[in-house]
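# Structure at a glance
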Amino acid sequence: MKITYANSKVEKFFTDFDKMKKKIPIEWVRTIKKHLNHLEAADNFGTFLSLGLGHPEQLSGYSSPTYSLRVTPNVRMIIEVKSDQCEIMICEEIEVEGVCDYHGDKENWYIS
């Protein structure tokens, strides 16, 4: 599957894990790297969802299909599926929005 990034700042961190280690804990970086490897290896988003890796959850309140992947119990990697709702299972491109703690009253973005 093809992976793109929401902006150049997000791409800078997600393509340079040494830089990411300076911003967030190394355990999070390892988990994020695994998620990216699994996403790249999947033929399409439906295949990735069927595996259940990272406990993917669809988020509400977004204009396009957006999912979170678990990094820690409270921290999530946020991805946007680049298709409409009816084509989500055959989608071959996602966009990484960043890493955030969205529990509580507000979203706390670590990388965005």
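Quick look at the structure, then.

## Details of the pattern of salt bridges
Within the structure shown, the criterion is met by 4 salt bridges. Here E80 and K82 are joined by a salt bridge, their closest N and O atoms 3.2 Å apart. For E80, a relative accessible area of 17% gives the class buried. Residue classification places K82 among the partly exposed positions, given a relative accessible area of 36%. Taking the shortest distance from any N to any O, the salt bridge between K82 and E95 comes out at 3.8 Å. With K82 in the loop between strand 4 (75-81) and strand 5 (93-101) and E95 in strand 5, this residue pair connects regions lying 13 residues apart in the sequence.

## Notes on a positive patch on the surface
Side chains of K9, K12, K19, K22 and K23 sit close together on the surface and give a patch of like positive charge. Tallying contributions element by element places helix 2 (residues 17-23) first for the positive patch, with 3 residues. If you trace the backbone, K9 turns up in helix 1 (residues 8-14).

## A short note on helix 3 (residues 26-41)
Note: α-helices contain 3.6 residues per turn, so residues at a spacing of three or four share the same orientation. Spanning 16 residues, helix 3 covers 23 Å between terminal C-alpha atoms, matching the ideal 22 Å at 1.5 Å per step. Among all positions in helix 3, only W28, V29, I32, H35, L36 and L39 are buried. The buried side chains of helix 3 occupy one side of the element, clustering within an arc of 125 degrees when seen end-on. Exposed residues lying more than 90 degrees from the buried face of helix 3 are R30, K34 and A41.

## Some words on the pairing of strand 5
Extensive coverage of strand 5 is indicated by the burial of 8 of its 9 residues. Two strands pair when backbone bridges link them, and strand 1 (residues 2-5) and strand 5 are joined in this way by 4 bridges, in the parallel orientation. Paired with T4 across the two strands is E95, which belongs to strand 5. Where strand 4 meets strand 5, 7 bridges bridge the pair, whose relative direction is antiparallel. By the bridge assignment for strand 5, M77 is matched with V99. Sheet topology places strand 5 next to strand 6 (residues 108-111); 3 bridges connect them, and they run antiparallel. The partner of D101 across the bridge, within strand 6, is N108.

Calculation notes
- Residues numbered from 1 in each chain as written.
- Predicted model: local features only at pLDDT ≥ 70, side-chain atom pairs only at ≥ 80, totals over all residues.
- Heavy atoms only, no water.
- Salt bridge = Lys/Arg side-chain N within 4 Å of Asp/Glu carboxyl O.
- Buried < 20%, exposed > 50% of the residue type's maximum accessible area, 1.4 Å probe, protein only.
- Helix = DSSP H or I, 4+ residues; strand = E, 2+ residues; numbered from the N terminus.
- Patch = residues over 30% accessible without salt bridge, like charges linked within 9 Å, V, L, I, M, F, W, Y side chains within 5 Å.
- Areas by Shrake-Rupley, 256 points an atom, 1.4 Å probe, with all protein chains shown as cover.
- Lys, Arg positive; Asp, Glu negative; His and termini not counted.
- Charge placed at Lys NZ, Arg CZ, Asp CG, Glu CD.
- Expected span 1.5 Å × (residues − 1).
- Arc of directions from axis to C-beta.
- Pairing = 2+ DSSP bridges.

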